Amino acid sequence: MRKRIILLALFVTIFIIAAIFILSPKEKKRIKQDITSLKTAVAHKDINEALQYISRDYNDGHHNNFESFSYSIQQLIDNFDSINIIMTGMKISIDSVNSAKTVFAACSMGLKIFARYEREKTLVFGGIVKPASVKMYLKKINSNYQIYHAQY
């Protein structure tokens, strides 16, 4: 009986690991596409589109939640004439798939946000020489990935 349980646990573990490796390239491409869509939505000042990529249970190390983060995006969109976002060195990893088949992932990258206000270009986020390091944790909700936690 004990051998059956061990064998079943081993089979389930191998199945989960295989599922992650099989899903990984397709899901990594989808994550990159969703992050790029978020970038484009902010650059085009489309707040409704941008908020589709932020989870309602978002939080970060600076005590921001969904409301405060969405307010920050709204202020960025409202106060600047144009927004340019530069992402470098994107590294995506699939962390896990739970029993409800929800995919959890992480993405690290360098990020700079420039905005133009009355013909003056301003650095809003990131370093002048080197982009700021950002790590996002995402989960797949329905058909797209949403950021539920960030470190920056």
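Just above, that's the structure.
Conventions used here
Residues numbered from 1 in each chain as written. Predicted model: local features only at pLDDT ≥ 70, side-chain atom pairs only at ≥ 80, totals over all residues. Heavy atoms only, no water. Salt bridge = Lys/Arg side-chain N within 4 Å of Asp/Glu carboxyl O. Helix = DSSP H or I, 4+ residues; strand = E, 2+ residues; numbered from the N terminus. Buried < 20%, exposed > 50% of the residue type's maximum accessible area, 1.4 Å probe, protein only. Contact = heavy atoms within 4.5 Å. Phe/Tyr/Trp six-rings, centres within 6.5 Å; stacked < 30°, edge-to-face > 60°.

A. Structural view of the pattern of salt bridges. Tallying each qualifying case throughout the model produces 3 salt bridges. A salt bridge links Arg30 to Asp34; its shortest N-O distance comes to 3.4 Å. Remark: Asp34 and Arg30 occur in helix α1 (residues 2-43); sequence separation between them is 4 residues, near one turn of the helix. By relative accessible area, which is 3% here, Asp34 ends up buried.

B. Representation of the environment of Ser133. Counting through the fold element by element, Ser133 comes out in strand β5 (residues 132-141). Residue classification places Ser133 among the exposed positions, given a relative accessible area of 59%. Contacts of Ser133, omitting those with residues within four sequence positions, involve Met109, Gln151 and Tyr152.

C. Main features of the packing of aromatic side chains. In total, this model carries 4 aromatic pairs according to the counting rule given. With a centroid separation of 6.1 Å and 85° between ring planes, the pair formed by Phe104 and Tyr148 is classed as edge-to-face. Residue Phe104 is located in strand β3 (residues 103-117), and its partner Tyr148 is located in strand β6 (residues 144-151); the two are separated by 44 residues in the primary sequence. The exposure class of Tyr148 is partly exposed, given its relative accessible area of 23%. Taken together, a centroid distance of 6.1 Å and an interplanar angle of 75° make the contact between Phe125 and Tyr152 edge-to-face.

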